[in-house]
Every structure is written in C-alpha cells, then in structure tokens.
Amino acid sequence: DFSNGYFVSKGAQTLQLAKKIAIELRKRKDGEVVTLHTYTDAEIAVAVMLKAIATVPTLGDERPLRCTVGSVRRDGETVPRVVLHITQEPASQPATEEFVAYPLGAQAAANADAVKRFREVVRQRIQMGHTVVMQCRGRDATNSAVAALALVGDRVARFGVQWVDADIPGKSAGEARAGDQPTPRALQVRARQG
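Residues numbered from 1 in each chain as written. Predicted model: local features only at pLDDT ≥ 70, side-chain atom pairs only at ≥ 80, totals over all residues. Heavy atoms only, no water.

**Section: the overall build of the protein**
How we decide: What counts as a helix is a DSSP run of H or I of at least four residues, what counts as a strand is a run of E of at least two, and both are numbered from the N terminus. Exposure is judged per residue with a 1.4 Å probe applied to protein chains only, and the accessible area is read against the type maximum: over 50% gives exposed, under 20% gives buried, and values in between give partly exposed. By definition in these notes, contact holds between two residues if any of their heavy atoms fall within 4.5 Å. Surface accessibility in these figures is a Shrake-Rupley result with a 1.4 Å probe; residues are shielded only by whichever protein chains are displayed.
On a plain count of helices and strands, the protein comes out with 5 helices and 8 strands. Going from the N terminus to the C terminus, the protein shows its helices and strands as β-α-β-α-β-β-β-α-α-β-α-β-β. Expressed as a percentage of the 194 residues in the protein, the buried residues total 41%. Long-range pairs, those at least 24 residues apart, make up 75% of the contacts in the protein with a sequence separation of at least 6. Of the roughly 10800 Å² that the protein leaves accessible, carbon and sulfur atoms contribute 49%.

Here is the structure:
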C-alpha cells in the first residue's frame, strides 16, 4: 500500500527528497517505513529516488537504510508504479554470499533478450540467498537495477544503496596515477531476499 507515501515526479530534486526522507525517518519508530512511489517509465524519478536514499545517511544519522521494492498497477492506470519502502537498518546483519551483477546501460537495455536475462539472473541469485551487488552509473543502469529488483516475484528484494567510487576496468580500488581524471561516483545497490 502506498496511499500514505510520497509520489516522486521527474522534476524532483535529489537533496530535497533526501532531506524529506531523513525528516520522516526521524519521526518514525524503528521498523516503521517511509514510502516513495513513481511510474515505472519515469526513469529520471527512479534515479532521483535511489540517489536520495544514498544521500540520507550523510545528513545526520549514519545508519544505513533498508529498502524493499515492488511494482503495483492500479485499476485504470496503464503504467505500473515502482513502490519503495524505506526504514533504517538494524545494527547487525548476517553475512551472505555476494554476486556482482552489471546493470544494463542504454544500448543493452534496448535488447529485450538482454533485459530478460539480467532480470532472471538477479531474481535467481536473490532467491538462492545471495546478496546481489550492482554499481549504477547513469539513469539507464539505475532504472535497470530497480526494475530487476521490483520483479523478483514472490520473494521481495530488500536493498540498501550508497555512493561509492566507481569500479574502473584496469584500475585497482583506490589506485591513482599522475594525470588521472577524478574517479567517477556510482550508486552501489546491495540487494538480498527480504
């Protein structure tokens, strides 16, 4: 149910949404959720939602956030909605095996078979109990990751998101060379069975 949630439009601003989420989380008891929703085809709004969630821990309480995602189609609406429920992560989490998935960029997202394979791999790994780790650079990759999590099926995907230095092929983490460009930032999504 998202009737008490906040609709995120494509014109939403990341920092303002992050502040709203932080304020709403402070008002709630542990375990109570803040709900965001938007249309599945609103790629910009989906990207803003993830960026805002990644930004919230930098605004005060540094505890990571736990999120669940699903999709809902209301009667009379032609486009389903992405619905995110957000709460603060409890202090300790059991370790699980990690699987790195690479969200689809614009070119790959245009290939229906690639989209189907990516979503199926994410669904299978989460149902196997693995933690799926994805770095999202750009709105196409962000939308690809969220859509895959929203379609996990009868097992809800629970995830957290944070800002990280992006992995760059041929470069070790933290490695810098003279004359290098600054390391790009990425949203890292860590999802598991919810």
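**Some remarks on helix α5 (residues 139-150)**
Where we set the bar: Residue count minus one, scaled by 1.5 Å, sets the expected span of a helix.
Over its 12 residues, α5 runs 16 Å from end to end, which matches the ideal 16 Å to within 8%, given 1.5 Å per residue. With 10 of its 12 residues buried, α5 lies for the most part within the structure. For α5, the full list of buried residues reads A141, T142, N143, S144, A145, V146, A147, A148, L149 and A150.

**Things to note about the packing of helix α4 (residues 112-127) against α5**
Spelled out, the test is: Fitted lines through C-alpha atoms serve as axes, helices being fitted only where they are in contact, and the angles separating the N-to-C directions of these axes extend from 0 to 180 degrees. Between 65 and 115 degrees an angle is taken as roughly perpendicular, under 35 as roughly parallel, over 145 as roughly antiparallel, and anywhere else as oblique. Handedness of a crossing is defined here by the sense of rotation of the near helix relative to the far one, left-handed for an anticlockwise turn of less than a right angle and right-handed for a clockwise turn. Polarity classes work like this: nonpolar for Ala, Val, Leu, Ile, Met, Phe, Trp, Tyr, Cys and Pro, charged for Asp, Glu, Lys and Arg, and polar for all others, with Gly in that last group.
Packing of α4 against α5 brings their axes to within 9 Å, and their N-to-C directions diverge by 55°. By the angle between their directions, the pair α4 and α5 is classed as oblique. Between α4 and α5 lies a crossing of right-handed hand. The segment α4 lies against α5, with F118, R119, V122 and I126 engaging S144, A145, A147, A148 and L149. Its residues placed into classes, the contact of α4 with α5 shows 7 nonpolar, 1 polar and 1 charged.

**Notes on the layout of surface pockets**
Rules: Detection works on a 1 Å grid of protein atoms alone, calling trapped sets that fit a 1.4 Å probe cavities and calling open sets with protein on both sides within 12 Å along at least five of seven lines pockets, with lining residues defined by an atom within 4 Å of a point. Grid points are joined across faces, edges and corners, and a volume is the space filled by probe spheres set on the points.
Its boundaries defined by the atoms lining it, the second largest pocket holds a volume of some 360 Å³. Forming the walls of the second largest pocket are 20 residues, and the residues nearest its centre are T40, R119, N143, S144 and A147. Of all elements in the fold, only α2 (43-55), α3 (106-109), α4 and α5 reach the threshold of two or more residues within the lining of the second largest pocket. Among the elements that line the lining of the second largest pocket, the one with the most residues is α5, at 6 residues. In terms of residue class, the lining of the second largest pocket is made up of 12 nonpolar, 4 polar and 4 charged.

**Some details on the side chain of T131**
By the element assignment, T131 lies in strand β6 (residues 131-136). Judged by its relative accessible area of 8%, T131 falls in the buried class. Setting aside its immediate chain neighbours within four residues, T131 contacts T96, E97, E98, F99, R190, A191 and R192.

**Examining the packing of aromatic side chains**
For clarity, the threshold we go by: Under the pairing criterion, centres of Phe, Tyr and Trp rings, with the six-membered ring standing for Trp, must be within 6.5 Å; the plane angle then separates stacked pairs below 30 degrees from edge-to-face pairs above 60, leaving the rest tilted.
Scanning all chains against the criterion turns up 1 aromatic pair. On the numbers, 5.6 Å between centres and 65° between planes, the contact of F7 with Y39 is edge-to-face. Remark: Y39 occurs in strand β2 (residues 34-39) and F7 occurs in strand β1 (residues 6-7); sequence separation between them is 32 residues. Classification of F7 by relative accessible area gives partly exposed; the value is 42%. Residue Y39 is classed as partly exposed on the basis of its relative accessible area, which comes to 28%.

**Looking at the nonpolar core**
A general tendency of soluble globular proteins is for nonpolar side chains to be buried together. Convention followed: Nonpolar cores were defined as sets of buried Ala, Val, Leu, Ile, Met, Phe, Trp, Tyr and Cys residues, with membership established by side-chain atoms within 4.5 Å.
Ranked by internal contacts, the top residues of the largest apolar core, which has 46 residues, are I21, I53, L149 and F159. The element contributing the most residues to this core is α2, with 8 residues.

**Structural notes on the packing of helix α1 (residues 14-27) against α2**
It is the contact of α1 with α2, at a shortest axis distance of 8 Å, that shows an interaxial angle of 55°. Considered as vectors, α1 and α2 are oriented oblique to each other. Note that α1 runs across α2; the crossing there is right-handed. Where α1 approaches α2, its residues T14, L15, L17, A18 and I21 are matched on the opposing element by V48, M49, K51, A52, I53 and T55.

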